[in-house]
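Given next are the chains, with one letter for each unit.
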Amino acid sequence: MPYRAGRHFLQIPGPTNVPDRVLRAMAQPTIDHRGPEFQALGHELLDGIGEVFGTVRPVVIYPASGTGAWEAALVNTLSAGDRVLMAETGHFATLWKQIAVKLGLEVDLIPGDWRHGVDPAAVETRLVEDGAHAIKAVCVVHNETSTGVASRIPLVRHAIDHARHPALFMVDTVSSLASIDYRHDEWSVDVTVGASQKGLMLPPGLSFNAVSEKALAAHAHATLPRAFWDWSAVLAANEKGFFPYTPATNLLYGLREALAMLRAEGLPNVIARHARHAEATRRAVRAWGLEVLCVNPDEYSGSITAVMTPSGHDADHLRSVVLDRFDLSLGVGLAKLTGTVFRIGHLGDLNDLSLLGTLAGVEMGLALVDLPHEARGVDAAMRYLEGCAGSA
Ligand SMILES: *Cc1c(COP(=O)(O)O)cnc(C)c1O
C-alpha cells in the first residue's frame, strides 16, 4: 500500500479511533501481573471502571472481545434448558441469540424488522404469559450497532417490573457504553455486557460484565459449564487487585488513560457530545435526501447512523469509493442489510471537525457514485453545529 498522508478516518462503529494519549499509555513495558505495581493498577481500575456503567458494584474485566462477555453473561447465570427472552433488533442481537442456542438455552425470540428497538409492550406480554416463570433472563442489545437503533432500557425494565416477573435483565452496551446514557444500578440491570473498542476508545481485546447482587445469587446455583469465564474466580482474585490468569496488561494501561480522559471531559458532556454529533449526522442525511434506517426518533442512536441507499445504488460501492479516494472507512451493511445500508460511526474520540470531515467524504462520495442526492448535507450539519453551545 502506498503511504497516505494525514489521518485515516476510521468512522466505522467500532473499533473507533484510539486517541494518541491512550496509544502512548499502552506503549509501556509489560510488568509482572503478580507484583505490587500491577496490584495498584488493578485496584485503581476495579475501583474506577464502575463509573462508566453507572454502578457501584463489581465489574468483571476479561481479556476477550465483546463476544466473550456475551458468553460469560449467560454461562455465569443460567443452566442448560433455561428459557431466555430475546428480541430480534438486528445483527448483534442475532449473534447473541446464536450463542445462547449453542449453549443449550431455549430462546424465545420477539421478531423485529431491524428498524425498531425492543418493544417494551411485547416484552411485558411474553412475561405475563409466562406465569410459571420458565423464562430466566431477558437479554437486550441497548444500541443495535447494525441498525443505529437504541432500545429504551428503562422502559424494558419497567415492562419486566410491571409483569411482576423475576427474570434476570441482561443488556449489551458494547456500542453505547461511554457514548449513550446508561445506568446499570439505577435501571436495575443484572448483567451489563461491554467491550473496549467503541465508546471506551481502546483497541479491541477487553470486555466486561457488570454484575448485580441478583445476578451473583443466580450465579451461585447456575450449572452451565464455565471455567475461563467464571465470575467467582475473577472476583476472588480482584479482591486483591489481581486476576486469575494473565491479564491484558497493556490494554489495562490504556483503560486507565481512557477512564481519566472520560472523567476529565465529564461523562454527561461525553454523552451530550455524542448526541450532538448524531443529530448533525441525521440533518446531513436528510439534507442529502436520504433516509435514516431508524424509524422512531425516540430510538435514534447517539453513536451510529445507518443510512439507506436508494434501490439500484450499492452502498458497498460508495464505501469502497470513499475509502479509495478519501481514506475514509464507513461501516458495512450487515447480514440482510448488505449493500442497502452504509453506517456512519460517530462515537469515541471525535470532535465537530472530524465529524464534518467524515460527512464531507460521504457527500463527495455520493457525487462520485452518481447517487441521486442534494449536495447540502455538510452545510446542514455545519449550520447545526455552529448553533450548539459548548461544542468541542
Ligand atoms: C461490536 C459489538 C459487539 C461485539 O463484539 P466483538 O466480539 O467485540 O466483535 C457486541 N455487541 C454489539 C452491540 C456490538 O456493537
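See the structure printed just above.
Attention in this report is confined to the structure presented alongside it.

Before going further, it helps to examine the layout of surface pockets. Which parts of space are left empty comes out when a probe the size of a water molecule is rolled across the atoms. If you add up the space inside the largest pocket, you get close to 310 Å³. As for the largest pocket, its lining consists of 16 residues, of which N17, D349, L350, N351 and S354 are closest to the centre. Sorting elements by how many residues they give to the lining of the largest pocket places strand β1 (residues 9-11) first, with three residues. In the lining of the largest pocket, the residues fall into six nonpolar, five polar and five charged.

Those residues of helix α6 (residues 120-129) that fall on the buried side of the exposure criterion are P120, A122, V123 and L127. What you see down the axis of α6 is that its buried residues fit within an arc of 160°, all on one side. Set apart from the buried face of α6 by more than 90 degrees, the exposed residues are V128 and E129. In this structure, the buried residues of α6 make contact with β3 (83-87), β4 (106-110), β5 (135-141) and α7 (153-162). With a side-chain oxygen positioned 3.0 Å from the backbone nitrogen of A121, the residue opening α6 is D119.

A few words on helix α13 (residues 352-368). Taking 1.5 Å as the rise per residue, α13 with 17 residues should run 24 Å; its terminal C-alpha atoms sit 24 Å apart, in good agreement. Restricting attention to buried positions, one finds in α13 the residues D352, S354, L355, L356, T358, L359, G361, V362, E363, G365 and L366. Buried residues along α13 sit against β1, α11 (267-288), α12 (315-326), β13 (328-330), β14 (341-345) and α14 (377-386).

Cut-offs applied
- Residues numbered from 1 in each chain as written.
- Predicted model: local features only at pLDDT ≥ 70, side-chain atom pairs only at ≥ 80, totals over all residues.
- Heavy atoms only, no water.
- 1 Å grid on protein atoms, 1.4 Å probe; cavity = no way out; pocket = protein on both sides within 12 Å on 5 of 7 lines; lining within 4 Å.
- Points joined across faces, edges and corners; volume = space filled by probe spheres on them.
- Helix = DSSP H or I, 4+ residues; strand = E, 2+ residues; numbered from the N terminus.
- Nonpolar A, V, L, I, M, F, W, Y, C, P; charged D, E, K, R; others polar.
- Buried < 20%, exposed > 50% of the residue type's maximum accessible area, 1.4 Å probe, protein only.
- Arc of directions from axis to C-beta.
- Contact = heavy atoms within 4.5 Å.
- Polar contact = N/O pair within 3.5 Å; in protein donor to acceptor, adjacent residues only side chain to side chain.
- Expected span 1.5 Å × (residues − 1).

Any functional reading would require information beyond the geometric quantities listed.
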